[in-house]
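# Reading the structure
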Amino acid sequence: MRRAGRRTAALLALALLLAGGSATGCGGRATTHHKPGTTHEQASGEAGALLTADDGAGHRLREVPAEGAPEVQLTARPDTEDGWNLQLAVKNFHFTPDSTGGGALPGAGHAHLELDGRKLARLYGPWFHLPAAQVPEGAHTLTVRLYADDHTAWAVAGKPVEGTLQLTAAAGRTGHGHTPPAPAPAPAPPTQSPAPSPTPSPEEARADRTVTIAVRDGKVTPAPGRVEVARGERVALRVTSDRADTLHVHGFDKELALPAGQEATLILTVDRTGLFEVETHASDLVLTQLLVR
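Just so it is clear, the model here is predicted, and its values are computed rather than measured. (Residues numbered from 1 in each chain as written. Predicted model: local features only at pLDDT ≥ 70, side-chain atom pairs only at ≥ 80, totals over all residues. Heavy atoms only, no water.)

### Points about the overall build of the chain
Of regular secondary structure, the chain possesses three helices and 21 strands. Here the chain, with 293 residues, has 38% of them falling under the buried criterion. By sequence separation, contacts in the chain at least 24 residues apart represent 62% of the contacts at least 6 residues apart. When the accessible surface of the chain is split by element, carbon and sulfur atoms take 55% of a total near 16100 Å². (Helix = DSSP H or I, 4+ residues; strand = E, 2+ residues; numbered from the N terminus. Buried < 20%, exposed > 50% of the residue type's maximum accessible area, 1.4 Å probe, protein only. Contact = heavy atoms within 4.5 Å. Areas by Shrake-Rupley, 256 points an atom, 1.4 Å probe, with all protein chains shown as cover.)

### Quick word on the pairing of strand S13 (residues 209-216)
Pairing analysis gives seven bridges linking S13 to strand S16 (residues 234-241), with the strands arranged parallel. Across the sheet, arginine 209 pairs through a bridge with valine 235, a residue of S16. Bridging between S13 and strand S14 (residues 219-221) involves three bridges; their strand directions are antiparallel. In the strand pairing of S14, arginine 216 is matched with lysine 219. (Pairing = 2+ DSSP bridges.)

### A few points about the confidence of the model for the chain
Confidence along the chain averages 78 in pLDDT terms, with 73% of residues attaining 70 or more. Here residues 191-197 scores under 50 on pLDDT; set against residues more than four positions off or in separate chains, the count is three contacts. (pLDDT = per-residue confidence, 0-100.)

### With respect to the sheet that holds strand S4 (residues 84-91)
Strand order in this open sheet of three strands is S3-S4-S8, and the pairing throughout is antiparallel. Here the strands that pair on one side only, and so sit at the sheet edges, are strand S3 (71-78) and strand S8 (127-130). Across the sheet, the mean angle separating the axes of adjacent strands is 25° when strand polarity is ignored. When S3 meets S4, the two strands line up antiparallel, connected through eight bridges. Note on S4: the bridge partner recorded for alanine 76 is leucine 86. (Axes fitted to C-alpha atoms, helices over the stretch in contact; angles between N-to-C directions.)

### Considerations on the side chain of histidine 112
Tracing the backbone through its elements, the reader meets histidine 112 in strand S6 (residues 108-115). Leave out the neighbours within four places in its chain, and histidine 112 touches His59, Lys119, Ala121, Arg122, Thr143, Val144, Arg145 and Tyr147.

### Topic: the packing of aromatic side chains
Considering all chains together, one arrives at two aromatic pairs under this definition. An angle of 90° between the planes, with centres 5.4 Å apart, marks the rings of phenylalanine 93 and phenylalanine 95 as edge-to-face. Judged by relative accessible area, which is 8%, phenylalanine 93 ranks as buried. Taking the centre distance of 4.6 Å and the plane angle of 55° together, the rings of phenylalanine 252 and phenylalanine 276 count as tilted. With phenylalanine 252 in the loop between strand S17 (245-249) and strand S18 (254-258) and phenylalanine 276 in strand S20 (residues 274-280), this pair connects stretches of sequence that are 24 residues apart. Across the pair, exposure class does not vary: phenylalanine 252 and phenylalanine 276 are buried alike. (Phe/Tyr/Trp six-rings, centres within 6.5 Å; stacked < 30°, edge-to-face > 60°.)

See below:
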C-alpha cells in the first residue's frame, strides 16, 4: 500500500509538471498570440486596465501603474547624407516585432512615430532614419508613442506613454543634392472589375519588380513579409482591397487610393536604402516591407 501511494504521488507530480509546460509552450516561453475565437482583451490577462479613452487615432489606452511603467525618450542626429537618425531610448520596455498582433504583454510591443500629429511609421526597434523629404521647411514636433502587441497604447494616469522632440528643417535640406523622387503617375480608374490576370499598364510593364497583394476581411494575402529590392529599381505595388482604403509607403511618403473591390497600382522608384513599411490607413494593416539595399 505504501509503495502504491508513492507511485500515485509520483505520477501526479509528473502530470502537474507536464501541464505547466504545456501552458507556456515549448521551452517555457509564454505565447504572445491569443487563441482563435478570443479577443485581444481576453488574452491580455493582467497587463494593465483597458480604458475607454484612446490615443486620438482610435487605439485604446492600456493603463499601467507609474512604478515600473514603460518610458521612452526621443533624440535626433542629422544624417551626413540625408535627413535625421532618430533614437528611441526606452526603459521597462522591449520591442517585439515577431509578436505584433498578439495579446498585450507587460513592457513589450512597438512604437508609432508622428510628425505634427500625422503618423509617419510604425517602429520595431530603437533606431529609425527620417528622410529630409518627409519634413517640410520650418519647425515641427516629433512624437513617439509606445504600444502593446495588440495595438493598444500604453498609458499612465490616463495619458499615453510618449516622448516628444522639436525639429526644425531648413529650406532645401536633402543632403548632397539629393531631391525627392517625382510623384508616380496615378493609374487610370478601371471601368470594370479587373480580370484575374490583368494586362500590365505601360508604366507597370517598365517596373523592375511587381508586388501583388490582396486584402479581404481584414486579412492580407500573401502574409506580410519582406521584399528585397536594389536601390534605384522601380517597384509596382498592385493592391486589391475589398474595402475602400488608402495605401501608404512610409519613408517615401507615397499614397494611393484603394477603391473597394478594384485593383490599384502604385509605381515607386526606391532611391534610398533602408526598411520601409507599406500599410493601409483605415484598416491599419501592414501589407509588406520593402528592404532596399
